[in-house]
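In case you want the letters, here they are:
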Amino acid sequence: MKRPAARLPAYALFAALLAAAGLPIYIHAPKFYVDEYGVSLAALGSVLFALRLLDVVQDPALGWLAQRLRAQRAAAVAGAGAVMALAMLGLFAVPAPVAPVLWFALMLTLVFSSFSFLTICFYAQGVAKADMLPGAGHLTLARWRETGALLGVCVASVAPLLLGLALERPFAGLAVGFAILALWAITAMRGEWRAAGPPMASGFGTVLRDQQARRLLLIALVNAAPVAVTSTLFLFYVELALDARGWEGPLLLLFFLAAAAAAPIWGMLAERFGARQVLLFAMTLGIVAFGGALLLGPGDVMLFALVCLASGAVLGADLTLLPAMFATRMAQIAPSAAEGFGLWSFVSKLTLAFAAAALLPALERAGLQTGAGDSSDTSISLLIWFYAGVPCALKLLAIALLASTNDVEKL
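Predicted model, so just to flag it, every value in this text is computed and none were measured.

Engineer: Just checking my understanding: could you explain a nonpolar patch on the surface for this structure?
Structural biologist: Taken together, Ile 265, Met 268, Leu 269 and Phe 273 make up a surface patch of nonpolar side chains, about 380 Å² in accessible area. Within the secondary structure, Phe 273 sits in helix α10 (residues 248-273). Residue class for Phe 273 comes out partly exposed when judged on its relative accessible area of 48%.

Engineer: I tried to follow the side chain of Ser 379 on my own but got confused; where do I start?
Structural biologist: Looking at where Ser 379 falls in the secondary structure, it is placed in helix α14 (residues 377-403). The buried category is assigned to Ser 379, whose relative accessible area is 0%. Those residues in contact with Ser 379 that sit more than four places away from it in its chain are Leu 363, Ala 366, Gly 367 and Leu 368.

Engineer: When you look at empty space enclosed by the protein in this model, what are you seeing that I'm missing?
Structural biologist: To find leftover empty space, a probe the size of one water molecule is rolled over the atoms. By the definition in use, this model includes 2 cavities of 30 Å³ or more. The space that makes up the second largest cavity amounts to roughly 360 Å³. The wall of the second largest cavity is formed by 24 residues, among which Val 227, Thr 230, Phe 255, Phe 290 and Ser 311 lie closest to the centre. For the lining of the second largest cavity, the secondary structure elements donating two or more residues are α2 (23-37), α9 (211-241), α10, α11 (275-290), α12 (301-333) and α14. The residue makeup of the lining of the second largest cavity, split by class, is 18 nonpolar, 4 polar and 2 charged.

Engineer: When you look at α10 in this model, what are you seeing that I'm missing?
Structural biologist: Given 3.6 residues per helical turn, the α-helix brings residues three or four places apart onto the same face. With 26 residues, α10 extends 36 Å between its outermost C-alpha atoms, agreeing within 8% with the 38 Å of an ideal straight helix rising 1.5 Å per residue. Along its length, α10 reaches its greatest deviation from straightness, about 35°, at Ala 262, and the proline Pro 264 lies no more than four positions downstream. Just downstream of α10, Gly 274 is the residue with a positive phi angle, here 105°.

Engineer: Please clarify how the environment of Leu 294 should be interpreted in this entry.
Structural biologist: Of note, Leu 294 is situated in the loop between α11 and α12. Relative accessible area serves as the criterion here: at 26%, Leu 294 is assigned to the partly exposed category. With 87 residues separating them in the primary sequence, Leu 294 and Ser 381 have C-alpha atoms 9.4 Å apart. Leaving out residues up to four positions away in the same chain, Leu 294 has contacts with Ile 384, Trp 385, Ala 388 and Gly 389.

Engineer: Is there a simple way to think about α9 in this case?
Structural biologist: Taking 1.5 Å per residue as the helical rise, α9 with its 31 residues ought to reach 45 Å, and the 43 Å between its terminal C-alpha atoms agrees with that figure. For α9, the principal kink sits at Leu 233 and spans about 55°. In terms of burial, α9 is a largely internal element, 26 of the 31 residues being buried. Looking one or two residues beyond α9, the residue adopting positive phi is Asp 243, at roughly 55°.

Engineer: Sorry, what's going on with the confidence of the model for the chain here?
Structural biologist: Residues shown with low pLDDT carry predicted positions that ought not to be read at fine detail. When pLDDT is averaged along the chain, the result is 81; 89% of the residues meet or exceed 70. Per-residue pLDDT, averaged within each element of the chain, yields its smallest value for helix α8 (residues 204-208) (70) and its largest for helix α4 (residues 73-92) (92). With pLDDT under 50 throughout, residues 195-201 is counted as low confidence; its partners more than four residues away or in other chains account for 12 contacts.

The rules behind these values
- Note on numbering: residues in each chain are counted from 1, in written sequence order.
- Reporting of local features is limited, given that this is a predicted model, to residues whose pLDDT is at least 70; pairs of side-chain atoms are given and counted only at 80 or more, and all residues count toward the totals for whole chains, interfaces and linings.
- Here the side-chain values reflect all heavy atoms present in the structure, with hydrogen atoms and water set aside.
- Patches were defined on residues exceeding 30% relative accessible area and lacking a salt bridge, with like-charge contacts within 9 Å and nonpolar side-chain contacts (Val, Leu, Ile, Met, Phe, Trp, Tyr) within 5 Å.
- The method behind every accessible area is Shrake-Rupley, applied with a 1.4 Å probe, and residues are considered shielded solely by the protein chains displayed.
- For this analysis, a salt bridge means a side-chain nitrogen from Lys or Arg found within 4 Å of a carboxyl oxygen belonging to Asp or Glu.
- Strands are runs of DSSP state E lasting at least two residues, helices are runs of H or I lasting at least four, and both sets are numbered from the N terminus onward.
- Categorising residues by exposure relies on relative accessible area from a 1.4 Å probe, with only protein chains included: less than 20% of the type maximum marks a residue as buried, more than 50% marks it as exposed, and the intermediate range marks it as partly exposed.
- Two residues form a contact once any of their heavy atoms are found within 4.5 Å.
- Cavities and pockets were defined on a 1 Å grid built from protein atoms only: a cavity is a group of points that admits a 1.4 Å probe but offers it no way out, a pocket is an open group of points flanked by protein on both sides within 12 Å along at least five of seven lines, and a lining residue is one with an atom within 4 Å of any such point.
- Grid points are joined across faces, edges and corners, and a volume is the space filled by probe spheres set on the points.
- Three classes are used, and their members are as follows: Ala, Val, Leu, Ile, Met, Phe, Trp, Tyr, Cys and Pro are nonpolar, Asp, Glu, Lys and Arg are charged, and the others, Gly among them, are polar.
- A helix is expected to span 1.5 Å for every residue after the first.
- Each residue is assigned a bend, namely the angle between axes fitted to the seven residues that terminate at it and the seven residues that start at it.
- Per-residue confidence from the prediction method is given by pLDDT, with values spanning 0 to 100.

See the structure below:
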């Protein structure tokens, strides 16, 4: 019989799959549809906002469904993974057979619905897995899981740019590569879904009635917002504010590699000094590191590389420690965890609705244009403040919430 820790690389691989279908899609898909089909930023922002409204109902419902399908979770995961891979091919590899904005909406609905279901199943399974590990099991699993996720983000973020050197249709190559990764990851995890133990009653009420769980969900909501904003605007900031077209790939790779390299270190520090204290330090450092982006302009690529390096390292703490704290609490109050991570998925993605619905249309109204268009000075200034100023303000609010939450000290 294999030791529980022997299967941890499979968790890293599955996390990489999910990560490749998350932030990179928000980074690449809107700009791909702007450049390929001429879809307006306002239209794309409206679609992304509508998808997040769907999540208002969908993510908690998917948490309920994941709990009900617990005994058949391996088959359910395989089915959802197949849908996600096919939808990714439709999004990037298949020419839109209907109006591009409608095709964008349909394919993203399938991608993100499958992504949500798989994420909920995966993190719920992680609660059971962590209890089988020695020592601080949730932090140990988080180090493997989030390092894998960040490496997945690295590859998916830069893949279209690298594939563009060899392929005429790099995004089609990305979609094919994603489908292969999906098959590999689902196969690697196939034996893990049966290890979750007997069904246990929980439900949304159990999670929402718990003061610590509610506070962690609120912190997750506010703390995810800066990442949502910067992910949505990153390509526009590099191209228009820094006038550095072609540097998007290397800068993204630097950012996420820094996060992947730092994630295990943050986990080890949390085991020694406590997750809350380490996370507070990292979040404060993040404001100092990322605030520098407010002061940059055309040609400041090397200075922005330093910002990417420092802020990426801090992101490793955000993505590792907060989910581990929530998983620890779920193990205490709702060990089946599916509904809890349904709520977690919902609050995490709700921030992307804010970024898509509020920022993209505002920038378009201010005169921001991509490609050959000339953007107004006002729109460029607004882009810089949206990209760097808004995240810093939101991070300050997250710090205040975590600092005032003394009852999560032991998580």
